[in-house]
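A structural walkthrough
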Amino acid sequence: GDHTSNCRQEMATSRRRQGVTAATTLWLVAIGHAWRPGVLFQESSWRRGASRVGASREGATSLLYGDLEPVPGGSYVLEPASAPKAVVHFIGGAFVGAASQLTYRYVLERLAKSGYLVVATPYRLSFDYVSVCDAIEASFQEAMREREAPGEVIGVGHSCGALLHALLASRDERRSRLALVSYNNKGATQAVPLFEEVVVPLATEAMRDDDATPAPLVREAIEAARGAASAAIDLADSLRPGPAPLATLADLARREVVPIARQSLELADQLPDLLREVADGARDFEPKPSDVRRILRTQLRARDALVVQFETDAIDESDDLLALLRDNAAARDDPFRLAKTALPGTHLTPLTQDIFLPASTVATLAQATDLADPALRLFRDRWLGQVDLFYDKLDAWLLDDPAPPLA
């Protein structure tokens, strides 16, 4: 309607006409320290299979992939074992959100096991947030085209994903509930150390076409490294069963390591375009942080929001977000429930993975069930402690068990 049009126009007025592609942002973040590196995935390179928790893919559940099913439009869907309570649309943080089906797999699987239909939408981040929101919304709608939404759509976002969900909820009312985790709305110069002093000159020099500079040699070296890595992955993929336990190791390499390694090559594939965009003049996200704050203060339309903050997080801006949401609530005629929780952990806690394989699998690989099981269980409990606490808070909120009231 008019509200959606006005919101989109306001967001668009401040954006750069020459938006920076995801490759640019991935490289900037890799240089900085605001986000941990991840892997960008494309739907065509994923094996399709059953989407239900615990179901099989190609005869065996993938230990690293889980059972997220790639669907038309680029999203990944994980269905619960029974009729879903609601739809949870998940958007990850910058860079790692390009592979949210893998980088956030543990939390996504817990959501599905709790009875939610999970739609995780990977995205290629651009400094043009309008185009990013457009792409995410189109992917989500395509994923839901042949699925009947059970009740409301709940938006769960981490870091930049929290910001994107808030912007999406400023367009319409379909995301009636939001869980905004480790919200971040920093500009590029704040997020990337020495952006103007180091990053921009490096990108400009690397993308020069002058043969007198080292730039062509750098690009050739990148291509050579990518070719060598691809050849090594092809070799691993060609492994065939042999005597046990080599057969088990070969199967693990083909089923788990090879597909993920193939996906990781996309980082190298993006590097030339990434450098080109920075060299062409992109300098900051648009809408600018001040414009984002104005949009959330005046146009956010969700009716229920949980703000999650971790105690050790230097780039978190949840307190600023909460102030904006309170201003939004005060200016509205309809009720808007707000809750905030602070948890032990860091900005990366939602990315924690269950790296401990089942004891039976470890036994198959190491032939040491009796020794491996108790130690793995102990380390697993400690490793997952903070992310489990985060999930418990999220699950309680999803079940309409209110978080502690705000002061």
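Residues numbered from 1 in each chain as written. Predicted model: local features only at pLDDT ≥ 70, side-chain atom pairs only at ≥ 80, totals over all residues. Heavy atoms only, no water.

Right, let's talk about the sheet that holds strand 4 (residues 117-120) for a bit. Taken in spatial order, the eight strands line up as 1-2-4-3-5-6-7-8 in an open sheet, and their pairing is mixed. Sheet topology places strand 1 (69-70) and strand 8 (337-346) at the edges, where each strand pairs with a single neighbour. By the bridge criterion, five bridges tie strand 3 (residues 87-91) to strand 5 (residues 153-158) in an arrangement that is parallel. Bridge assignment links histidine 89 to a residue of strand 5, and that residue is glycine 155. Here helix 4 (residues 105-113) sits on the sheet in contact with strand 2 (76-78), strand 3 and strand 4, set at roughly 155 degrees to strand 4. Most of the contacts of helix 6 (residues 160-169) go to strand 6 (residues 175-181), to which it runs at about 160 degrees, and overall it touches strand 3, strand 5 and strand 6. (Pairing = 2+ DSSP bridges. Helix = DSSP H or I, 4+ residues; strand = E, 2+ residues; numbered from the N terminus. Contact = heavy atoms within 4.5 Å. Axes fitted to C-alpha atoms, helices over the stretch in contact; angles between N-to-C directions.)

Moving on, we come to the nonpolar core. In terms of nonpolar packing, the biggest core is built from 35 residues, with Tyr123, Leu125, Tyr129, Leu164, Leu167, Leu296 and Leu325 touching the most fellow members. Judged by nonpolar contacts, the second largest core, of 33 residues, contains Tyr76, Phe90, Val118 and Leu394. (Core = buried A, V, L, I, M, F, W, Y, C linked by side-chain atoms within 4.5 Å. Buried < 20%, exposed > 50% of the residue type's maximum accessible area, 1.4 Å probe, protein only.)

To continue, consider the packing of aromatic side chains. Evaluated as defined, the whole model comprises three aromatic pairs. If you follow arginine 175 out to its NZ or CZ, it ends over the ring of phenylalanine 140, 5.3 Å from the centre. When the ring centre of tryptophan 397 is taken as origin, the NZ or CZ atom of arginine 177, which lies over that ring, is 4.2 Å away. (Phe/Tyr/Trp six-rings, centres within 6.5 Å; stacked < 30°, edge-to-face > 60°. Lys NZ or Arg CZ within 6 Å of the ring centre and 35° of its normal.)

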